[in-house]
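# An overview of the molecular structure
Listed below, chain by chain, are the residues.
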Amino acid sequence: SFDANKIKQLSAKHPKSPVTYTYGTAGFRTKADVLDSVLFRVGLLAVLRSQSHNGRTIGVMVTASHNAAEDNGVKLVEPLGEMLKQSWEAYATSLANAETEDALLKALENIVQKEGINMSAPANVVIARDTRPSGENLVAALKDGVAALGGNLTDFGIQTTPQLHYVTRCINTKGTPEAYGEPTNEGYYAKLAEAFKRLVGGKQKLAQFHVDAANGVGAIAIRGLLNAIGGDLTATIVNDNINDAAKLNHDAGADFVKVQQREPVGLKLIPGENYASLDGDADRIVFYYADEAGKFRLLDGDKIATLAAGFIMDQVKAGQVTINGAPVKVGLVQTAYANGSSTAYVKEVLKVPVEFTETGVKHLHHKAEEFDVGVYFEANGHGTVLFSKAAIQAFHTTHGQKEEQQRALRILRALSDVINQAVGDALSDLLLVVAVLVNQGRTFAEWDSAYTDLPSRLEKVKVKRRADFVPTDADRRLVKPEGFQQKIEAVVAKFNKGRAFVRPSGTEDVVRVYAEADSRENADLLAKTLCDLVA
Ligand code: NG1
Ligand code: ZN
């Protein structure tokens, strides 16, 4: 078994704060100054998870994404880049909350026993962190945790979340038929750049591009990517100050732009030009532009999803791709936050089936795997497109008769390379969007014209116990507090095209209120009325 003394000794360097932790949709996430013991214990868990996979490499990412600079967080990544298996989330929580060193040892033993872990199996862990200043010490605690159980650790340094997912998948597939790429930054940039060039080479470029990097790690990564691409994509980068932590995500970044429905600090929108904002760890992106009247127009995750789903449908048809004689099944996965207009457009115009899941990409990811090509995006810009093994094989083995068919097959092959299969990735999604528009010869405004968003409002309310709010039906209704859902519905019924729901956040100590209605005023009023009801 394990060396209890060594664990106790190292654990004593990382005493637990009097806080109750929960491994939620984004792993552990809270104020950085109460995370030291959590990082140590996540190090322990990462070793066990690797051993349970017979030494395959587990990823650990230290980030608090779009949250404020004084927050931080940590999440584990499975060997192929997926989010931690759900049954292990409870183990993570049990380790984090063990009050004493003996309780910690007991919690460890419990995991070893329940999972039948062979403690002499090798363990490999790869870690990375975002630009938060607290990351350095937290990584040290994480390393102590991995060392306490004798695991091997590779520190990948300061990287985006998707880069860590990518590198984890690459390490674990190296030398196999599913090899995903070189497990280095250069490999990541080169893979995306090469596939992107296949998609856009020789075609008319989009108008001037501007990228807001939220003063986070995305500022480094977007430069690396643009370098690798060369002349086929140029962009100016703003909000790229990673040395002043106070600026991180401050009035900038994808979350700010989506929630405030306005441009970030540092950008004055020029009609005809194109804009995108990354979040603090570059796994989310939203696009926007100013229309002819100078009005801000948002192209969020729903717009990205509909663009991708529509384009892929077109290519699958033109390529006449089938799997076992049946047409390739393209599907879209959304959450309750998807704008009602986008759902209607996908169902009625694109005629692509839509499924709903709970909030949080792990839920969307799993649902998307049920399709041959599963497109999933949260409205906030977090998402990707998953291609099944059979679909990728079909793209490669279908024999194109006419040039039009061959062209579609080439596009599908390149798309499956440019789109990050491990996790939603702002940089990969940026290339996807540009490539689709270039191939369609369309502008942002033309993309936007597919459907008109219903005005919406997202608010958060501090409550005493957010656990009192229990959602059901993919977060669209509440079963608790008793009778509360009926009250919500009575309010919603008074609004034309009204739709609203209330759910507890999985990443912040708040309850979220979402509302949409036929006008800006009504969406705001509906949200406000419900906030008062919740408070
Ligand atoms: P919570 O805090 O559970 O609403 C937020 C986002 C999710 C997802 C997670 C993980 C909204 C309304 N919620 O979850 O979509 O991105 O963070 O990062 O944007
Ligand atoms: Zn993020």
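Because the structure is a prediction, the values reported are computed rather than measured. The residue count restarts for each chain, going from 1 along the sequence in the order it is written. Following the order in which they are written, the chains are lettered starting with A and the ligands numbered starting with 1. Confidence filtering applies because this is a predicted model: local features only for residues at pLDDT of at least 70, side-chain atom pairs given and counted only at 80 or more, and all residues used for totals across whole chains, interfaces and linings. Hydrogens and waters are ignored; side-chain quantities use all the structure's heavy atoms.

### A look at the domain arrangement of the protein
Where each domain starts and ends follows an automatic or database-derived domain assignment. Taken domain by domain, the protein holds domain 1 (4–158), domain 2 (187–298), domain 3 (301–448) and domain 4 (456–534). The gap between the C-alpha centroids of domain 1 and domain 4 is 34 Å.

### Quick look at the sheet that holds strand 17 (residues 456–461)
DSSP calls a pair of strands paired once it identifies at least 2 bridges connecting them. For helices the rule is a DSSP run of H or I covering at least 4 residues; for strands it is a run of E covering at least 2, with both sets numbered from the N terminus onward. Reading across from one edge, 17-21-20 is the order of the three strands in this open sheet, with antiparallel pairing throughout. Of all strands in the sheet, those bounded by a partner on one side alone are strand 17 and strand 20 (499–504). Sheet twist, expressed as the average angle between the axes of neighbouring strands with direction ignored, equals 15°. In this structure, strand 20 lies alongside strand 21 (residues 511–516), joined through six bridges in antiparallel fashion. In the strand pairing of strand 21, Pro-504 is matched with Val-511. For every element, the axis is a line fit to its C-alpha atoms; helices are fit only across the contacting stretch, and the angle between N-to-C directions ranges from 0 to 180 degrees.

### Let's talk about the pattern of salt bridges
In the sections that follow, a salt bridge refers to a side-chain nitrogen of Lys or Arg positioned within 4 Å of a carboxyl oxygen of Asp or Glu. As enumerated under the stated definition, the model contains 33 salt bridges in all. The residue Lys-247 makes a salt bridge to Asp-244 at a minimum N-O spacing of 3.5 Å. Arg-457 is the partner of Asp-524 in a salt bridge, and the nearest nitrogen-oxygen pair spans 2.7 Å. On the criterion of sequence distance, the pair formed by Asp-524 in helix 18 (residues 520–534) and Arg-457 in strand 17 is long-range, its members being 67 residues apart.

### Structural notes on the packing of aromatic side chains
Both the distance between ring centres and the angle between the ring planes are used here to describe each pair of aromatic rings. Centre distance within 6.5 Å is the pairing criterion for rings of Phe, Tyr and Trp, where only the six-membered ring of Trp is used; planes under 30 degrees apart are then read as stacked, over 60 as edge-to-face, and the remainder as tilted. For the coordinates displayed, the defined rule picks out 19 aromatic pairs. Centre to centre, the rings of Phe-287 and Trp-447 are 5.6 Å apart; their planes meet at 65°, and the pair counts as edge-to-face. Of the two residues, Phe-287 is situated in strand 9 (residues 285–290) and Trp-447 in helix 16 (residues 444–448); the sequence distance between them amounts to 160 residues. When accessible area is computed with a 1.4 Å probe and restricted to protein chains, residues below 20% of their type maximum are described as buried, those above 50% as exposed, and intermediate ones as partly exposed. Here Trp-447 falls in the buried class, since its relative accessible area comes to 2%. Each ring, one from Tyr-289 and one from Phe-444, has its centre 6.4 Å from the other, and the planes form 80°; the classification is edge-to-face. Here Phe-444 lies in helix 16 and Tyr-289 lies in strand 9, a separation of 155 residues in the sequence. In this structure, Tyr-289 and Phe-444 share a single accessibility class: buried. Pairwise contacts between aromatic rings join Phe-209, Phe-287, Tyr-289, Phe-444 and Trp-447 into one cluster. Cation over ring: Arg-169 sits above Tyr-180, and NZ or CZ is 4.6 Å from the ring centre. Charge over a ring is defined by NZ of Lys or CZ of Arg lying within 6 Å of the ring centre and within 35 degrees of the ring normal. Looking at Lys-303, its charged tip hangs above the ring of Tyr-451, at a distance of 3.9 Å from the centre.

### Structural notes on the site of ligand 1
All residues adjacent to ligand 1 are Tyr-337, Thr-359, Glu-378, Asn-380, Leu-458, Arg-503, Ser-505, Gly-506, Thr-507 and Arg-512. Residue Glu-378 places a side-chain N or O atom 2.8 Å away from an oxygen atom belonging to ligand 1. Under this definition, polar contacts are N or O atom pairs within 3.5 Å; protein pairs additionally need one hydrogen-donor-capable and one acceptor-capable atom, and for neighbouring residues in sequence, both atoms have to be side-chain atoms. Separating an oxygen atom of ligand 1 from a backbone N or O atom of Gly-506 is a distance of 2.6 Å. Every accessible area reported is derived by Shrake-Rupley at a probe size of 1.4 Å, with residue values counting cover from the shown protein chains alone. Starting from 430 Å² of accessible surface for ligand 1 in isolation, the protein chains cover 93%. Polar here means any residue outside two lists: the nonpolar Ala, Val, Leu, Ile, Met, Phe, Trp, Tyr, Cys and Pro, and the charged Asp, Glu, Lys and Arg; Gly therefore counts as polar. Partitioning the shell around ligand 1 into residue classes produces two nonpolar, five polar and three charged. When we break the shell around ligand 1 down by domain, the ones giving at least three residues each are domain 3 (301–448) and domain 4 (456–534). For this description, a residue counts as near a given molecule or strand if any of its non-hydrogen atoms is within 4 Å of it.

### A few points about the coordination of the zinc ion (ligand 2)
Protein coordination at the zinc ion (ligand 2): the donors are Ser-65 (OG), Asp-279 (OD), Asp-281 (OD) and Asp-283 (OD), at 2.0 to 2.1 Å from the metal. If you look at the zinc ion (ligand 2), its four donor atoms make angles of 86 to 174° with each other, and the shape they trace is irregular. Each donor residue of the zinc ion (ligand 2) belongs to the same chain, and together they define the spacing S-x213-D-x1-D-x1-D. Residue Asp-279 is classed as buried on the basis of its relative accessible area, which comes to 0%. The class for Asp-283 is buried, based on a relative accessible area of 3%. Counted as donors are the N, O and S atoms within 2.8 Å of the metal, or 3.2 Å for Na, K and Ca, while water is not among the atoms, so some sites may look incomplete. Key to geometry: four donors with every angle between 85 and 135 degrees are tetrahedral; four donors are square planar and six octahedral where opposite donors lie over 155 degrees apart and all remaining angles lie between 65 and 115; all other sites are irregular.

### A look at the environment of Gly-294
For Gly-294, the location among the structural elements is in the loop between strand 9 and strand 10 (296–299). Gly-294 gets classed as partly exposed once you look at its relative accessible area, which sits at 45%. When the C-alpha positions of Gly-294 and Thr-154 are compared, they lie 48 Å apart, and in sequence the two are 140 residues distant.

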